[in-house]
Each structure stands twice: as structure tokens, then as C-alpha cells.
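Chain by chain, the residues:
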Amino acid sequence: MIRSDNGYFGEFGGRFVPEILLPALTELEDLFFGLRDDPAFWQEFVTLCQEFSGRPTPLTPLRRLSKQLGGAQIWLKREDLNHSGAHKVNNVLGQGLLVQRMGKQRVIAETGAGQHGLATAIMAARLGLEATIYMGAEDIERQYSNVFWMRQLGSSVVGVTTGAQTLKEALDEALRDWAASVETTHYVLGTACGPAPFPELVSYFQSIISDEIKEQSQRQMGRLPDEIVACVGGGSNAMGAFGAFLDDHEVALVGVEAGGLSLEDGKHSIRLSQNTGETGIAQGYKTLFLQNDDGQLGDTHSIAAGLDYVGVSPILAYLSQQGRVIPESATDDEVTEAFSLLMKTEGIIPALESAHGLAGGFKRAKQMKPEQNVVINLSGRGDKDIFTVARAFPQREWTEFLQREAVRSTEALAKKRGH
Ligand SMILES: *Cc1c(COP(=O)(O)O)cnc(C)c1O
């Protein structure tokens, strides 16, 4: 796994935060640097993931689909089979172990689509910690089922009503909380971004994915795969899938970003591959950000909420600059097509984020030979995306289903209120 040079990966990374937060980041870094080479600590983490989250997740061959596409053999790393349905829980459980060692009793997090908030709420309940999750009021509205579960798990979910009421405002609010509570509180960052040591620390815990891929591919293919493909939002599932292979130069590493609707500003979330991202400093770190002409953070779009992000892991920015990671992108249309193909041919329901990896991986596999192997990291399951998918495939029965559900819930609410 890659190591930073004092928090930097080439020109990217660093730690750009208010003075008051520096001691907490240094404490976290010292603790992490002291533990990361300790095999007993790694084993404690692996055992927690095994006992609580069903690890190791399988490496599933897609026999029918590979034959149909006529290229390389395609395999899926099944992070969708984790507890809570995605890879995010790996990182969150790892940070939970650090929180216990720091003796802190409370965690906070910010969440956009709610998946990281849900994973954090699960970890806090399991480890007996208090949790506060910040979420834009707009996102609470859109992702209410996650909010419901977080509250049932005992976390408090705070709606943020400033600005556009989405992830960015939630992040500001969480940082304000942390500045006031840093003595007792740990900030659980959800992806391989943010100030050092988070990109390195999150990638370390997620590298349990590539450790397993390495072992499983030796056993199931008899050698290492030719390519590993992962979708890139902030970059944590990609770094997790790539981490153990960085020095295996015969293994190509491919990151697939959200191509959205088009290459027009605001219509996609491509930071690495089309010269759309520009180096800048924001949200506590230096990386390639989508920016508009006056240097403000730009707007983004993706059909997958988890890829709809303006920055990217400084580690991936560096590795793609170095040519070690090959950046690609997939449009919303390519994604929905890959999504359907996987469902109908193999009986697996992918998250829309993960379907970007599928779209990119299928395209590349078609150009390869049948004796070659491609592993696609299936970062999560698609249950959460039911309404988005139903809207993307507007067959009549699904439109009617959505309308019926909307009417039913409005009626139920009215009844409860006594009308
Ligand atoms: C959050 C999420 C992502 C994007 O985050 P990364 O840090 O880039 O991995 C991808 N897939 C799923 C299923 C997610 O929930």
C-alpha cells in the first residue's frame, strides 16, 4: 500500500485545516502510523470484519456474461455482500478501532446519499459510541429510508438547512462541530479524501479488498488478474481494490468516473481523465477539483449519488498522473445498460455507483482475450437505487408503481395526522 511523503502524494494531499483541528489530526496520524505495520492490529481488524460483516466477500466468476461478450473472463469482487450493502463499512469499522484506542466516546460524520452515515451509525451502535450524523435537509428528504435507519440505530441525524442543503453544507457543519468537540469526538471521514492522514488511513483499511482479491485470484484463476476495474467517487473502493497490486505492474488498474450526461460543465463528475479537473485546495486538502472559471468549486452530476463529488482522492490524482492508474469514464446511459445486462445475465443487482465499474470493465473485457481475467469491484448492492432505476427505465408499470407508492404514503401520512 502506498505511503505518503509527509501527507503528500506528489503535489497532492496535505492538511489545510483550521489551527484548532491540527492536534486531533496529529494524534490520529501518530496512532495510525504506530499501528499500521502491527500484524496483531491488522488481524484484529480482519476478525472484526469477518465476525460482523461477512468477510471475506466472494470473487464471483461471470461465466454467462463473459461468454456473451466474447472477451476476457470477468469476475466480480462482491463488496455488495458486506453488512449494510457496500464497502464503506470496512473503513468505518477500522476507524472504530482507532476511536476505542484514543478513548473517545463520540463520533460525527457527514453524509450525502446516506450510505456512509448508515455505516457510521452501525459501527457506533456495535462499539457503544455516541454518533451525530450531519446531512443536508435536501438529502434527508431524498434519502429518507437511510435517515430512518440511522435514527433507529440510535444516532442523531442533524438536518443542515444552509445554502443548497446538501453534502457541502453538511461538511461545513460537521467541521464546526468537530472544532468545538475535538477533545472527545472523532470525525469519521468516509472516503480516501480530506486532510492527511485520512486518504492514507481510509485506503489502508479498504485494502482488505485487494488483499482478498490477491489471495482469491491465485486460488481461483491460478494467477493474478490482468486488470482490476473500480468506480471512482472519492476513491475509497478503488484504492481498496488497487492497494495490494500497486507494485504488480503486470496488473492494469482502471478507475471509472461518472461521465454523467455529457462533458459540459456541471453535467458530469470527471476529475481525472479529460483534463476537466484542476489542481486546487479545498475541503482540507489539495487535489484535482472540478472548478468554474473564477476558481469556485463547480457543479457535478451523476446518476449515482455516491460518485457525484467535486474532488477526488489525492492518491488517485497522483497515481493517474504517474500513469499507474488508468482513468476512464462511463455515461449515465452506458451505466444503465451495464446495470440491466448484469441483472438479466447473472442475477446480481448492483449499486448504480458500481455499475460505472461494470460499464468500464465490460468495454475493456470485450477487447481482451478469453484467457485473460478482469476483476471488477462491485462496491455495493442496488436496493437503495430502486426509485432512480425505475425512473431511468420508464416502463409504464414502473411509473404506475411509483405513483401508487407516492399516493399510498401521502394517504398514510394524512391518516396519521388525523385528517
Ligand atoms: C459511496 C459509494 C461509492 C463511492 O465512494 P468511493 O469512496 O469512491 O468508493 C461507490 N460505490 C458505492 C456502493 C458507494 O456506496
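Not measured: the values here are computed from a predicted model.

**Q** I keep staring at the overall build of the protein chain and nothing clicks. Help me out?
**A** Looking only at helices and strands, the protein chain features 16 helices and 14 strands. Relative to the globule expectation of 22 Å for 419 residues, the C-alpha radius of gyration of the protein chain, 21 Å, shows essentially globular dimensions. Considered along the principal axes of its C-alpha atoms, the protein chain spans approximately 60 × 55 × 50 Å. Among the 419 residues that make up the protein chain, the fraction classed as buried is 57%. Put simply, of all contacts in the protein chain between residues at least 6 apart along the chain, 73% involve residues at least 24 apart. Of the charged side chains in the protein chain, 39 are positive and 53 negative; the average position of the first set lies 7 Å away from that of the second.

**Q** In this structure, what is going on with the side chain of glutamate 257? I would like to understand it.
**A** Tracing the chain through its elements places glutamate 257 in strand β10 (residues 252-260). At 2.7 Å, the side chain of glutamate 257 and the backbone nitrogen of arginine 271 are in polar contact. Apart from the residues lying within four places of it in its own chain, the contact partners of glutamate 257 are Val232, Ser269, Ile270, Arg271, Leu272, Ser273, Glu328, Ser329, Ala330 and His356.

**Q** For this particular structure, what's the right way to read the domain arrangement of the protein chain?
**A** How big an interface is tends to be expressed through the accessible area that disappears when the partners come together. As assigned here, the protein chain comprises domain 1 (15-51 + 85-202) and domain 2 (56-83 + 219-388). Centre-to-centre separation of domain 1 and domain 2, based on C-alpha positions: 23 Å. Counting residues at the interface gives 23 residues for domain 1, matched by 24 residues for domain 2. Both faces considered, domain 1 and domain 2 share a buried interface measuring about 1800 Å² in area, 65% of it formed by carbon and sulfur atoms. When the buried surface of domain 1 facing domain 2 is broken down by residue, Phe16, Gly85 and His87 rank first, second and third, together holding 32% of it. Counting across the domain 1 and domain 2 interface gives zero salt bridges. At the boundary of domain 1 and domain 2, one finds eleven residue pairs in polar contact (both at pLDDT 80 or more). Mapped by element, the contributors of at least two residues to the side of domain 1 that touches domain 2 are α4 (88-102), α5 (115-127), α8 (167-181) and α9 (198-206). Within the side of domain 1 that touches domain 2, the residues separate by chemical class into twelve nonpolar, eight polar and three charged.

**Q** Please clarify how the pattern of salt bridges should be interpreted in this entry.
**A** Note on pairing: side chains with opposite charge can pair once their charged atoms come close. Under the defined criterion, the tally for this structure stands at 25 salt bridges. Of the charged contacts, one joins arginine 3 and aspartate 37 as a salt bridge, the two residues approaching to 2.6 Å between their closest N and O atoms. Here aspartate 37 lies in the loop between α1 (22-35) and α2 (39-53) and arginine 3 lies in the segment before β1 (8-9), a separation of 34 residues in the sequence. The exposure class of aspartate 37 is exposed, given its relative accessible area of 53%. Linking arginine 364 and glutamate 227 is a salt bridge whose minimum nitrogen-to-oxygen distance equals 2.8 Å. A residue pair is termed long-range when its members are at least 10 positions apart, and arginine 364 in helix α14 (residues 352-366) and glutamate 227 in strand β9 (residues 227-231) qualify at 137 residues. A relative accessible area of 19% places arginine 364 in the buried class.

**Q** Quick question: what am I supposed to make of the sheet that holds strand β4 (residues 73-78) here?
**A** Strand-to-strand pairing in sheets goes through backbone hydrogen bonds, with the strands running parallel or antiparallel. Strands sit in the order β3-β4-β14-β9-β10-β13 across an open sheet of six strands; the sheet is mixed. Edge positions in the sheet fall to β3 (59-61) and β13 (325-331), since each of these pairs with one other strand and no more. Pairwise comparison of adjacent strand axes, ignoring direction, gives a mean angle of 30° for this sheet. Pairing geometry for β9 and β10, over five bridges, is parallel.

**Q** What exactly am I supposed to notice about the layout of surface pockets here?
**A** Considered as a void within the structure, the second largest pocket measures approximately 340 Å³ in volume. In this structure, the second largest pocket is lined by 15 residues; those nearest its centre are Phe339, Met343, Val389, Phe393 and Trp398. Among the elements that line the lining of the second largest pocket, the one with the most residues is helix α13 (residues 332-346), at four residues. The class makeup of the residues in the lining of the second largest pocket is nine nonpolar, three polar and three charged.

**Q** I tried to follow the packing of α2 against α4 on my own but got confused; where do I start?
**A** Packed helices, taken two at a time, are described by the angle their axes make and the gap between the axes. Relative orientation of the contacting elements α2 and α4 amounts to 125°, with a least axis distance of 10 Å. In this view, α2 runs oblique relative to α4, as classed from their interaxial angle. Helix-helix and strand crossings are classified by hand; for α2 and α4 the assignment is right-handed. Taking contact as the criterion, the partners of Phe41, Glu44, Phe45, Leu48, Cys49, Phe52 and Ser53 in α2 are, on α4, Val89, Asn90, Leu93, Gly94, Leu97, Leu98 and Arg101. Its residues assigned to classes, the contact of α2 with α4 shows nine nonpolar, three polar and two charged.

Definitions and cut-offs
- Residues numbered from 1 in each chain as written.
- Predicted model: local features only at pLDDT ≥ 70, side-chain atom pairs only at ≥ 80, totals over all residues.
- Heavy atoms only, no water.
- Helix = DSSP H or I, 4+ residues; strand = E, 2+ residues; numbered from the N terminus.
- Rg over C-alpha atoms; globule rule 2.2 N^0.38 Å.
- Buried < 20%, exposed > 50% of the residue type's maximum accessible area, 1.4 Å probe, protein only.
- Contact = heavy atoms within 4.5 Å.
- Lys, Arg positive; Asp, Glu negative; His and termini not counted.
- Charge placed at Lys NZ, Arg CZ, Asp CG, Glu CD.
- Polar contact = N/O pair within 3.5 Å; in protein donor to acceptor, adjacent residues only side chain to side chain.
- Domains from an automatic or database assignment.
- Buried area = accessible area lost by both parts, 1.4 Å probe.
- Salt bridge = Lys/Arg side-chain N within 4 Å of Asp/Glu carboxyl O.
- Nonpolar A, V, L, I, M, F, W, Y, C, P; charged D, E, K, R; others polar.
- Pairing = 2+ DSSP bridges.
- Axes fitted to C-alpha atoms, helices over the stretch in contact; angles between N-to-C directions.
- 1 Å grid on protein atoms, 1.4 Å probe; cavity = no way out; pocket = protein on both sides within 12 Å on 5 of 7 lines; lining within 4 Å.
- Points joined across faces, edges and corners; volume = space filled by probe spheres on them.
- Parallel < 35°, antiparallel > 145°, perpendicular 65-115°, else oblique.
- Left-handed = near helix turned anticlockwise from the far one by under 90°.

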